[in-house]
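Reading the structure
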Amino acid sequence: MSPKLVIFDCDGVLVDSEPITNRILAEDLTAHGLPIDTQTCIDLFVGGTIQGVFHEAKRRGAALPEDWVPHIYKRMFDTLATEVEPIPGIDRVLESLENAAVPYCVVSNGPMEKMRVTLGRTGLWDRMAGRIFSAHEVGIAKPDPGLFLHAARTLETAPTDCIVIEDSASGARAAAAAGMPCFGYARDTPEDRLTQHGAIPFTDMGTLPRLLKLDG
């Protein structure tokens, strides 16, 4: 049976923002005394929070000022506003859900301001109006399952009737803890980081309607 609610992560699932934001992180942390490349930032930080990056980078030796978080966010937002694109194939996925009358939403550890930039540029902000959930607004971040559970409760759907689409280990872990089946988008994420938390991996967004039993 098709799900009654599909919950999408934002960065790396709806919008192709991870290479951009992690390039910026790598440049900035290197400038602050922690030599690091984009791929290492992706390996360390995807699925977390910028506040978490701040603490971990300082622990590793970066000389970050106390007001680093708002400054790095501004740099990210300015760049995303001109560079970010949708994940290839995501429009077809959303159209398939709409044609099948299956509701969907987005649940992100990122702030609402960031999603307003990324979803706005890619035409998804208005499309998902009223179904956009941020850890900054709710006060709970993945891997805690509470953010997913809050979205399901708000949209009046039982957790077992939801399916989560994630690309990070922390998101897959949160879905498992929430009792929600998860498909792990492994285009850029090693499959084992997703499968160890019970996610079913896939690498082509174009195959998701079939996996969700929306086609045919």
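This text goes with the structure placed above it.
Residues numbered from 1 in each chain as written. Predicted model: local features only at pLDDT ≥ 70, side-chain atom pairs only at ≥ 80, totals over all residues. Heavy atoms only, no water.

1. Focus on the pairing of strand S5 (residues 182-185)
Residues Cys182 and Gly184 of S5 are buried on one face, and the alternating residues Phe183 and Tyr185, pointing to the opposite face, are buried as well. Sheet topology places strand S4 (residues 162-166) next to S5; 3 bridges connect them, and they run parallel. When the sheet's bridge partners are listed, Glu166 is paired in S5 with Gly184. Tracing the backbone out of S4, into helix H9 (residues 169-178) and back to the parallel element S5 gives a crossover that is right-handed. Across 3 bridges, S5 lies against strand S6 (residues 200-202) in parallel orientation. (Buried < 20%, exposed > 50% of the residue type's maximum accessible area, 1.4 Å probe, protein only. Helix = DSSP H or I, 4+ residues; strand = E, 2+ residues; numbered from the N terminus. Pairing = 2+ DSSP bridges. Right-handed = clockwise from strand over helix to strand, strands pointing away.)

2. Considering the sheet that holds S5
If you trace the 6 strands from one edge of the open sheet to the other, you get S3-S2-S1-S4-S5-S6, paired in parallel fashion. Looking at the sheet topology across the chains shown, the edges are occupied by strand S3 (132-134) and S6. Across the sheet, the mean angle from the axis of one strand to that of its neighbour is 25°, orientation sign disregarded. Running over the sheet, helix H6 (residues 112-121) touches strand S2 (104-108) and S3 and is turned about 140° from S3. The strands touched by helix H8 (residues 146-154) are strand S1 (5-8), S2, S3 and S4; relative to S2, the strand with the most contacts, the crossing angle is about 150°. (Axes fitted to C-alpha atoms, helices over the stretch in contact; angles between N-to-C directions. Contact = heavy atoms within 4.5 Å.)

3. A few points about the pattern of salt bridges
Scanning the entire structure with this criterion turns up 17 salt bridges. Linking Asp16 and Arg187 is a salt bridge whose minimum nitrogen-to-oxygen distance equals 2.7 Å. One end of the pair, Asp16, is in the loop between S1 and helix H1 (18-31); the other, Arg187, is in the loop between S5 and helix H10 (191-195), with 171 residues separating them in the sequence. On the basis of relative accessible area, Arg187 is assigned to the partly exposed category, the value being 31%. Notably, a salt bridge pairs Asp28 with Arg75, separated by 3.7 Å at the nearest N-O pair. With Asp28 in helix H1 and Arg75 in helix H4 (residues 68-83), this pair connects stretches of sequence that are 47 residues apart. On the basis of relative accessibility, which here comes to 34%, the residue Arg75 falls in the partly exposed class. Within the structure, one salt-bridge network assembled from shared partners comprises Asp9, Lys142 and Glu166. (Salt bridge = Lys/Arg side-chain N within 4 Å of Asp/Glu carboxyl O.)

4. Observations concerning the side chain of Asn22
Structurally, the position occupied by Asn22 is in helix H1. Classification of Asn22 by relative accessible area gives buried; the value is 2%. At 2.9 Å, the side chain of Asn22 and the backbone oxygen of Glu18 are in polar contact. Dropping the residues within four chain positions of it, Asn22 is found in contact with Thr38, Cys41, Ile42, Phe45 and Val46. (Polar contact = N/O pair within 3.5 Å; in protein donor to acceptor, adjacent residues only side chain to side chain.)

Fair warning: the whole summary comes from geometry, so function is off the table for now.
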